[in-house]
Amino acid sequence: MTALTRRTLLVGGALLVGIGLEPVRAASPRGSLAGAPRIDAWIRIGEDGAVTVLTGKAELGQGIKTALIQVAAEELGLAPAALRLITADTYLTPNEGYTAGSHSMQDSATAIRHAAAAARALLAEAAGRRLSLPPEDLTVADGAVAAPDGRRLAFGELAAEVDLDADVPAAPRLRDPSAHAVVGRPLPRVDIPAKVAGGAAYVQDIRAPGMVHARIVRPPRPGARLVSVESDAVAARPGVIRVHRDGDVLAVLAEREYAAVTAMRALAQAAVWQGGSRVPEPDALFVDLAGRAAERTLILDRGTDAPAPPGRRLTAQYRRRYQMHGSIGPSCAVAEFDGTRLTVWSHAQGMFPLRKALAEMLGLPEDRVRCIHVEGSGCYGHNGADDAAGDAALLARALPGRPVRVQYTREQEHLWEPYGGAMLTEAAAVLGPDGRIADWDYAVRSPTHLTRPPGAGQLLSARMLATPFPAPPPKALPQPEGGGDRNAIPLYRLPRARVAHDFVADMPLRVSALRSLGAYMNVFSIESFVDELAEAAGADPVAFRLAHLDDPRARAAIEAAAARFGWGAPLPPGRGAGFAFARYKNLAAYCALAVEVAVERESGRVRLVRAQAAVDAGEVVNPHGIRDQIEGGVIQAMSWSLFEAVAHDAEGPTSRDWSTYPIARFPDVPERLDVHLIDRPGSPFLGAGEVAQGPTAAALANAIRAAAGVRLRELPMRPEVVKAAIGV
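Rules and cut-offs
- Residues numbered from 1 in each chain as written.
- Predicted model: local features only at pLDDT ≥ 70, side-chain atom pairs only at ≥ 80, totals over all residues.
- Heavy atoms only, no water.
- UniProt positions renumbered as here; feature names shortened; annotations may be inferred.
- Helix = DSSP H or I, 4+ residues; strand = E, 2+ residues; numbered from the N terminus.
- Pairing = 2+ DSSP bridges.
- Phe/Tyr/Trp six-rings, centres within 6.5 Å; stacked < 30°, edge-to-face > 60°.
- Buried < 20%, exposed > 50% of the residue type's maximum accessible area, 1.4 Å probe, protein only.
- Salt bridge = Lys/Arg side-chain N within 4 Å of Asp/Glu carboxyl O.
- Domains from an automatic or database assignment.
- Contact = heavy atoms within 4.5 Å.
- Buried area = accessible area lost by both parts, 1.4 Å probe.
- Polar contact = N/O pair within 3.5 Å; in protein donor to acceptor, adjacent residues only side chain to side chain.
- Nonpolar A, V, L, I, M, F, W, Y, C, P; charged D, E, K, R; others polar.

Draft legend 1. Structural view of the UniProt feature "domain: Aldehyde oxidase/xanthine dehydrogenase a/b hammerhead" (unreviewed entry) in the protein. Under the present numbering, the feature "domain: Aldehyde oxidase/xanthine dehydrogenase a/b hammerhead" (unreviewed entry) in UniProt falls on residues 197–277. For residues 197–277, the helix share is 22%, the strand share is 35%, and the end-to-end C-alpha distance is 44 Å.

Draft legend 2. The sheet that holds strand S13 (residues 312–320), seen in detail. Taking strand neighbours across the sheet as the criterion, the six strands line up as S12-S20-S19-S18-S13-S27 in an open arrangement whose pairing is mixed. The strands lining the two open edges of the sheet, one partner per strand, are strand S12 (295–302) and strand S27 (714–715). Two elements, S12 and strand S20 (residues 497–503), share seven bridges in a ladder whose sense is antiparallel. Within the sheet, the bridge partner assigned to leucine 298 lies in S20 and is alanine 500.

Draft legend 3. Quick peek at the packing of aromatic side chains. All chains considered together, the criterion is met by five aromatic pairs. When the ring of tyrosine 318 is compared with that of phenylalanine 524, the centres are 5.8 Å apart and the planes differ by 80 degrees; the resulting orientation is edge-to-face. In this pair, tyrosine 318 sits in strand S13 while phenylalanine 524 sits in helix H11 (residues 519–537), placing the two residues 206 residues apart along the sequence. The same class applies to tyrosine 318 as to phenylalanine 524, namely buried.

Draft legend 4. Highlighting the pattern of salt bridges. Taken as a whole, this structure holds 48 salt bridges when the rule is applied. For arginine 189, the salt bridge goes to aspartate 191, with nearest N and O atoms at 2.8 Å. You'll find arginine 189 and aspartate 191 in the same group, each marked buried. Here glutamate 257 ties to arginine 215 by a salt bridge, and the two come within 2.8 Å at their closest N and O atoms. Of this pair, glutamate 257 sits in helix H6 (residues 257–270) while arginine 215 sits in strand S7 (residues 212–217), and the two are 42 residues apart along the sequence. Salt bridges sharing partners connect three or more residues here, namely Lys65, Arg189, Asp191, Lys195, Glu375 and Asp628.

Draft legend 5. Structural view of the domain arrangement of the protein. Here the protein is partitioned into domain 1 (33–175 + 183–194), domain 2 (203–276 + 327–416) and domain 3 (423–449 + 484–726). Contacts between the two partners involve 13 residues from domain 2, matched on the other side by 16 residues from domain 3. Both faces considered, domain 2 and domain 3 share a buried interface measuring about 1,300 Å² in area, 52% of it formed by carbon and sulfur atoms. Contact with domain 3 buries surface across domain 2, with Tyr380, His414 and Leu415 losing the most and accounting together for 48% of the total. In this structure, the connection of domain 2 to domain 3 is made through three salt bridges. Ionic pairing is found between glutamate 411 and arginine 656, a salt bridge with its closest N-O pair at 3.1 Å. Between the two partners, domain 2 and domain 3, sit eight residue pairs in polar contact (both at pLDDT 80 or more). Here the side of domain 2 that touches domain 3 takes five residues from helix H10 (residues 410–416), the largest share from any one element. A breakdown of the residues in the side of domain 2 that touches domain 3 according to their chemical character gives five nonpolar, four polar and four charged.

Have a look at this one:
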């Protein structure tokens, strides 16, 4: 294994013994302990007293490195700076599957909290034996166990007597939340300094001794096959090590990056491709989606055995176009093969699933593949990271003994990443004589939202090999969390309700997980329709929601957001206020959001002026961290909702750069964005990383209705769409 330089980041030391554990499939009161029950799966104490915290989750920019350190530091009585954290590494950390679904805190932080409390108890017991004192009389703090008479034993002195190779007890004694000194306090993010100072922060920054640079040549359209390539002239270029071809996989390896880039361009000119998969024209997108075969699942059927109630019936249909992750930094990976073992540094969100896919693709035993997570520059979901890791692994096998760095171009990232799928929803409801919802009928038509590994066929290049690995059949993610039907069941009190999920397996463009999966579209649809119902009932939108809610935490979030926003206050002409609410997955954090927009009637431009969120994520570990997530979520969802859609024609995607896939820019950021946190010390952590996506889209649509008098039911709500709806 090549010794990597400091610029490769600190991605795990070789002195720790790795463990392989089954992934945790769902949250539990003990988090990921269900799959990794031992204390030393999460907490290690060295003979020098150094404490290492391990997590199978990955830092994606959501701030979990900082939060997980805080949780462990609190239970162990240490300063956060005294801890070392190792994130997802298949040789060292627990297998927690993907970092997805806002599970990091409720799964990993819960496990770390319990394991750290158990370790603290063992330290106190060991010290008690040495000092002939009961453990409850001792204080564990500042890296030592102290007796009332002043005697102290450092963690390092006790390490040999503390057996962390034991299961975490069923109910370890946790620190009293009222005494917390670290949890609940703002702590500067540990991952930020290198990012803002131009340091080594991302996988794209890795520079290893002897490293070679590789570039991939992709087909001109999805499904095209490589007929021939005249590669001799490219292979003879100065600095080029070799041209690699395996079926339809075409790549070049060079000593220096610029040589790889220019060779890639020349190789693309020399390649001859044929065929390809046709894609519906943009104007036919939703007709095509509606006509595709779908498997219907009824996910809610409440009170439908009673007769249909009387009242006024309203219906609406909502639509969402394909959207992309649009990672600011195109995907990258580094891999090294020493002839028997493969090591891959990747920013994919699941190191253990990735290891399984790479082992299958290369025909290696899984224990001979190590995947180490290193942050990537910007992604929530399944972008090109797994594919880049697959490409790097293939090329490292072709050039053993040297690290191989694969870096995608902007065009490759935009055109070949798996997109967030196009979706259709239909809503119908009956307003009873009392002005409340008496009947609810909702259906969502959606593709899969998960085509990530562990299968080799879920890696793009594995499908293109001379002996290809076929893509496995797409599957719908089950309730209660769901995929396309995530958040399709309203949290409101509905006496008679049906909700159906129409799962479309075959889609013309490659799709997978994008932040919040189907929740973004479902919350947009439901919360837009709730506003339409409130308007039909002549009710205030906030009061209408409260009239249909029993959950006290939901009500508290809505009331807080409305009060802090100043809901109901008059706004200038051309301005409008909108409101929306959701509990992510109906299981995680609560988010209520009020926004003010300005609509320019002549141009159709919508500007988010201000936003006020109220969020209940259970116990707050780092207030800054959650606020960062909500602020970022609102801005990202604003960009999705007002600007972003994948352009395509019959040949495939045409959004190859930022001019053909416009996103929000700095002038589009709201003047004010406030986040009120409803902290509940001692209550379970609730994932907050994706809770703002759906409410933002719906609140914007509802505000546009208030400002311009038009109801928009398709995402994105671009200026030309707004202008056409206004009729200017």
